[in-house]
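A structural walkthrough
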Amino acid sequence: AAGVIQSPRHLIKEKRETATLKCYPIPRHDTVYWYQQGPGQDPQFLISFYEKMQSDKGSIPDRFSAQQFSDYHSELNMSSLELGDSALYFCASSLDRNNSPLHFGNGTRLTVT
Amino acid sequence: ELKVEQNPLFLSMQEGKNYTIYCNYSTTSDRLYWYRQDPGKSLESLFVLLSNGAVKQEGRLMASLDTKARLSTLHITAAVHDLSATYFCAVDGDDMRFGAGTRLTVKP
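On a predicted model such as this, the values are computed, not experimentally measured, just so you know.

1. Digging into the overall build of chain A
- For chain A, the helix and strand inventory stands at zero helices and 11 strands.
- Counting helices and strands in the order they occur from the N terminus, chain A gives β-β-β-β-β-β-β-β-β-β-β.
- Relative to its length of 113 residues, chain A is compact, with a C-alpha radius of gyration of 13 Å against a globular reference of 13 Å.
- Considered along the principal axes of its C-alpha atoms, chain A spans approximately 40 × 25 × 25 Å.
- Scored against the burial criterion, the 113 residues of chain A give a buried share of 46%.
- If you take every contact in chain A between residues at least 6 apart in sequence, the share linking residues at least 24 apart comes to 52%.
- Here chain A displays about 5,500 Å² of accessible surface, and carbon together with sulfur accounts for 46% of that area.
- The distance from the centre of the 11 positive side-chain charges to the centre of the 12 negative ones in chain A is 4 Å.

2. So, the confidence of the model for chain B
- Chain-level pLDDT for chain B is 90 on average; 97% of the residues reach the 70-or-more range.
- Here strand 10 (residues 96–98) of chain B stands out as the least confident element of chain B, with mean pLDDT 83; strand 8 (residues 71–76) of chain B is the most confident, with 97.

3. Describing the side chain of A:Asp85
- The residue A:Asp85 is located in the loop between strand 8 (74–78) and strand 9 (87–94) in this model.
- Of the polar contacts made by the side chain of A:Asp85, one reaches the side chain of A:Arg63; its length is 2.9 Å.

4. Regarding the sheet that holds strand 7 (residues 64–68) of chain A
Residues and elements named next belong to chain A.
- Sheet architecture is open: four strands sit in the order 1-3-8-7, paired in antiparallel fashion. Since the sheet does not close on itself, it has two edges, and those belong to strand 1 (5–7) and strand 7, each with one partner. Each strand axis lies, on average, 15° off the axis of its neighbour in the sheet, ignoring direction.
- Sheet analysis places strand 7 next to strand 8, joined by five bridges and oriented antiparallel. Bridged to Phe-64 within strand 8 is Met-78.

What counts, and at which threshold
Residues numbered from 1 in each chain as written. Chains lettered and ligands numbered in written order. Predicted model: local features only at pLDDT ≥ 70, side-chain atom pairs only at ≥ 80, totals over all residues. Heavy atoms only, no water. Helix = DSSP H or I, 4+ residues; strand = E, 2+ residues; numbered from the N terminus. Rg over C-alpha atoms; globule rule 2.2 N^0.38 Å. Buried < 20%, exposed > 50% of the residue type's maximum accessible area, 1.4 Å probe, protein only. Contact = heavy atoms within 4.5 Å. Areas by Shrake-Rupley, 256 points an atom, 1.4 Å probe, with all protein chains shown as cover. Lys, Arg positive; Asp, Glu negative; His and termini not counted. Charge placed at Lys NZ, Arg CZ, Asp CG, Glu CD. pLDDT = per-residue confidence, 0-100. Polar contact = N/O pair within 3.5 Å; in protein donor to acceptor, adjacent residues only side chain to side chain. Pairing = 2+ DSSP bridges. Axes fitted to C-alpha atoms, helices over the stretch in contact; angles between N-to-C directions.

Spelled out as C-alpha cells, the structure:
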C-alpha cells in the first residue's frame, strides 16, 4: 500500500541557507501535519493543513512557512537556517482532520552546519 | 530497512476490560517510544523504553520491551473512556520509524 513519501531523506545545509522539504500524503488523504524532532526530543507539532488551507499552528518559527498544494502534497520552507534547526522532520497524513489516524512518513533528516 | 508493525490497527473495547497492543520491529534497536494522539492534537509521549526487559507503568497503561524478540507491548488495564485515542509505537534505529497506530475506542 502507498505510504506517506517525504523527500529528500537527508539534507545538509549551511547556516543562513534555505531548505525546502516535501511531503506527499497517502492518496485521498486531505490532511497533512508537520512535526520536528530534535535530538533526544519528542516530535513537536509545527503546522497542519486541511483541504489546502492551514488548519492548526504549533511551534513553527516565523522563518518557516508551509503550504499544501492542489494535489495535496505539502512543502515546508525553511529560511535563514540555524544550527538548532538540525532535526528530523516528519510529515504525517490522515484521511480527515478529526477522527482518522495519522500515517507517518520516514522523515527528512536536516543537518545545518 | 527498519519496519515497524503495530496490531491491532483498530480496537474497540468495553470499560473495565484489559487488552494488549503489540509493536514488532525488524532490526536491532534499543530505544522504543509509545505515543498517544488525540484527534486533531499533537503526539503525547507516554513511555520511552531503553533496554531489554524494560517495563514502565503509568496509571492503567504498562509498556514493556523485549529487544531479543523485537517486540514491545502496551497493556491496558481496566480501560476507561478517557483512554480512547490512537496509540503509536516508534522505534529509533538509524532513523525514527513510526508504527501505523492503534485506534482505541473504549465504550461504556
